[in-house]
Amino acid sequence: MMDTQATAVLNDSQKASLQNATQCLAPNWPLDRMIAVNPLWKMVDRPFDQVATEMSLLAGIRCHMPVETYLDWYEQGRIDNDCLLKAADEYGLSLSVESLTMYLSKEAGRVQSWRNIADWADLTRSNNKMSWHDEITHQISQFCAAHYQEQRPMLNRQYRQQSLNLYEHWLQIARLDRGLSIIMSEAHLDEQFDLLPDDQESLFAEAIKTLKVTHTSLEQYGKALLLDINGWGSYLAYRAFEAEKQGKSQDDVRSLLAIKMAWELVVWRYLEKHNTADFEALNERWGQQLLHINELRGQHHDALLIPRIWARALELSEQKSLQRQLTQVAPNSPEAPALQAIFCIDVRSEVYRRALESQSASIETYGFAGFFGLPIEYEQAGTQVVRPQLPGLVPATIRVFETQANDEQLAQENRSASWNRWGNAASATFSMVESMGWWYAFKLFKKSLKGDTSHALAPANNSHWTLTRQGHTLSVDDQAQLAKGVLDTMGLRHFSSTVMLVGHGSHSCNNLQSAGLECGACGGQSGEVNVKVLAQLLNNLKVREALKPLGYSIPDHTQFVPALHNTITDHITCYSDVNDLRVRDWLTHATYLAQQERAPRVDENLMHMTKEVRDAAYLRRAQDWSQTRPEWGLADNNAFIIAPRQFTRELDLQGRSFLHDYAFERDTDAAVLERLMTAPMLVTHWINMQYNLSTTDNFKFGSGNKVLHNAVGDHIGVFEGNGGDLRVGLALQSLHNGEKWMHTPERLAVYIRAPKSFIEKIVKKHELLKNLINNQWLYVFQWDGQAVSRYNHGEWSEQA
């Protein structure tokens, strides 16, 4: 141990800077609970443009598309000249269209981003040696994978016995790993790990002192180190998020930062002792960077001006087009409904809803949050496995389970789960066919023939559900109160004879990110459990009786039918018999119409088939283990509309808008709107930003080539290949069809049909909403018939 350790102690300012640095990463959920997340969620208290500058400065992260992409969209007519001028004006440029387009056609040279110690050391390192940066990432990543995996823990036994934190466990392993010296071709490298402090706080103090990190640059340096391994950092942020929901504390992100800083100290000291020339160059460059970080930040800010103007002009153009649709529509007069169908607000349901409604004016569809307002977690009967069935932001307060277990089904699912765990190990999915040869390929071929796209932990049909809260079964009155809250938010006041509750799921094959194609918010699960539980509540005659004094009188002849929309095939599966033959015909025809509309985006060959042949082709697609693009998920989402369906029913929104029904006339205290703006609006923002940032920078916020994905620790996440950092976000195949981008990065535009006073009151009450709106992470508009006004910084501005 070096003597400097005794004198190096963190002061309060340094502690605060390190703590702030650890807050830069948003949680990233594991594969089996994969949900959409804004990767910059922890920074929404600052303006989006400011955060984009910092990401570019500290990690070279792009929050905008390259200029040539915007130019292509401009030439295609997607960006309006008036909107281009307006965007430029917002950024202080006042030029003619000709001068402006000439100015904006320049691709600014890429400004050098911050370099960590390892990056500077690599500049003078021999090309014949392993890169410091790459080996550090590999070593930390492999250690974390072994440390956190649950099925076959490799390093945890000793860790659990000694109660070491993550840094201390890493240091123990690193001191035993003599292979690092061999891999790096540096004979005495292993000695440096013996000199590191045994506890992480001493490590921080020693590294800061040795590396001469100034007070003004410490927080940025800490962020740069974590962003350099943001995959694992985001997973650890998820673990901390889940612990906090349970009232516990977990600080492994800080330990990960200590590990990264320890490596920096190792490289610095090793070069200082063994390579004087390289160390002198490193020392000079590092010192100059610390001195000039503010100048470097200014260069990044200036370099981003052109892509910012293009991005804003694109948003204004697409908002203008949608607002023209919204203000020109005349709401229809509803007929007495023969069918009511409530769908998740997911953008994929918009296409199917139009197809269904087009067949009869007596068909009503509604948009409702995908977990159907039920704060539940699901425990499969006969197991101890529990999974959430609601957005990751919301804690479950009710547990549901089937009263009777189906032993045969349970045994089959256990066998399936064992096979899936093995198939998702280090040689998983596409690469597994190559490594395991014909035997695994035969298994996949057999699955294709059988059409086996079932999910593990799927509830049995015709189950009876028991609902419990803190171990106690919900009474009839409790169930009625739960149902009332759902109906209040849903906005359903009258009931047809058939009311369908339609969740959604995506049943692809051989796809590690399949959970991300389920409900984009609800714990990576389909809505099957939720609709079955809600249908049981609303079909229960005792619950209906208890609902009457609460303001809801459901006719005896009304049947609530739980159903699931398969978003790959556009098939609707009903979990109870539908008595009305017309409804069955409507659903079948809606499937054909939706499949036809989606065909040009999915595969142009589908356009020229008969409806029956096309339907069979969609089914094969869902069962094809080699299909890397089973569907486009929520790609190209750009708007969230909170209004009665009658105001959008005649519009073709191209499957790009989330639609939630809401009637302000029945919401006198704005309580329902407050729920929508503080829950579904946040969820849609997360989805929107996940798609945006996976597109603008797939290397840092996406997961690369799906064909190369390998599961880490069974469900923790994916590697692209067999190493590197843990990958977060979406694969390229979910965003690009090989020729063009299928998602257009633009911040979510939220349109609310409600009095301005409602919106003002709610935003003023919630600091988070103020941050999202005032810092330009999303846009909020009030839509009042023929006029649209934007709310920003407490002021309203009418949109032309």
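Here the structure is a predicted model, which is why all the values come from computation and not from measurement. Starting afresh in each chain, residues are numbered from 1 along the sequence in its written order. In keeping with the predicted nature of the model, local features appear solely for residues at pLDDT of at least 70, side-chain atom pairs appear and are counted solely at 80 or more, and the whole-chain, interface and lining totals rest on all residues. Here the side-chain values reflect all heavy atoms present in the structure, with hydrogen atoms and water set aside.

Some points on the overall build of the protein
Here comes step 1: Along the backbone of the protein there are 33 helices and 18 strands.
Here comes step 2: Note on classification: 1.4 Å probe, protein chains only; a residue is buried when its accessible area is under 20% of the maximum for its type, exposed when over 50%, partly exposed between these limits. A buried classification covers 59% of the 800 residues belonging to the protein.
Here comes step 3: Here, two residues are considered to be in contact whenever any of their heavy atoms come within 4.5 Å of each other. Intrachain contacts of the protein at a sequence separation of at least 6 include 75% that bridge at least 24 residues.
Here comes step 4: Surface exposure here means Shrake-Rupley accessible area, sampled with a 1.4 Å probe, where a residue is shielded only by the protein chains that are shown. Only carbon and sulfur atoms are counted for the fraction: they give 49% of the accessible area of the protein, which is about 32,300 Å². Here a helix means four or more residues in a row that DSSP labels H or I, a strand means two or more in a row labelled E, and each is numbered from the N terminus.

Thoughts on the UniProt feature "binding site: Zn(2+)" (unreviewed entry) in the protein
Here comes step 1: Within this structure's numbering, the places UniProt gives as "binding site: Zn(2+)" (unreviewed entry) are C344, D346, H504 and C519. These annotated residues cover 176 residues of sequence, and their C-alpha atoms lie no more than 8.7 Å from one another, placing them together at a single site.
Here comes step 2: Apart from residues lying up to four places away in sequence, C344 is in contact with S349, F368, G370, F372, V502, H504 and C519.
Here comes step 3: Inspection of the secondary structure puts D346 in the loop between β1 (339–344) and α20 (348–357).
Here comes step 4: The buried category is assigned to D346, whose relative accessible area is 4%. UniProt positions are given in the numbering used here, feature names are shortened, and annotations may be inferred rather than shown by experiment.

With respect to the nonpolar core
Among soluble globular proteins, nonpolar side chains are generally buried collectively.
Here comes step 1: Core analysis: the biggest nonpolar cluster contains 135 residues, and W170, L196, W232, M261, W263, W286 and L673 have the highest contact counts within it.
Here comes step 2: F372, W465, V499 and F560 belong to the second largest nonpolar core, which has 35 residues in total. Residues enter a nonpolar core if they are buried and are Ala, Val, Leu, Ile, Met, Phe, Trp, Tyr or Cys, with the set joined through side-chain atoms within 4.5 Å.

A word on the pairing of strand β8 (residues 498–505)
Here comes step 1: β8 sits mainly inside the fold: eight of its eight residues count as buried.
Here comes step 2: The two faces of β8 match: T498, M500, V502 and H504 on one face and V499, L501, G503 and G505 on the other face are all buried.
Here comes step 3: At least two DSSP bridges between two strands are required for those strands to pair. Across five bridges, β1 lies against β8 in parallel orientation. Bridge pairing in β8 links L339 to T498.
Here comes step 4: Examined bridge by bridge, β8 and strand β9 (residues 559–566) share eight bridges and lie parallel to one another. By the bridge assignment, G503 is partnered in β9 with L564.

Points about the sheet that holds strand β7 (residues 472–473)
Here comes step 1: With respect to topology, five strands assemble into an open sheet ordered β4-β3-β5-β6-β7, the strand pairing being mixed. In the strand order of this sheet, the two ends are held by β4 (386–388) and β7, each with one partner.
Here comes step 2: In this structure, strand β6 (residues 465–469) lies alongside β7, joined through two bridges in antiparallel fashion. Paired with R469 across the bridge in β7 is H472.
Here comes step 3: An axis is simply a line fitted to the C-alpha atoms; with a helix, the fit covers only the stretch in contact. Between two such axes, the angle follows the N-to-C directions and lies from 0 to 180 degrees. Relative to the sheet, helix α25 (residues 528–539) contacts β3 (376–379), β4, β5 (398–402) and β6, its axis offset from that of β6 by approximately 95°.

Quick word on the pairing of strand β2 (residues 363–368)
Here comes step 1: Most of β2 is tucked away: six of the six residues are buried.
Here comes step 2: Along β2, one buried face is formed by I363, T365 and G367 and the opposite face, lined by E364, Y366 and F368, is buried too.
Here comes step 3: Sheet topology places β1 next to β2; six bridges connect them, and they run parallel. Bridge assignment links C344 to a residue of β2, and that residue is F368.

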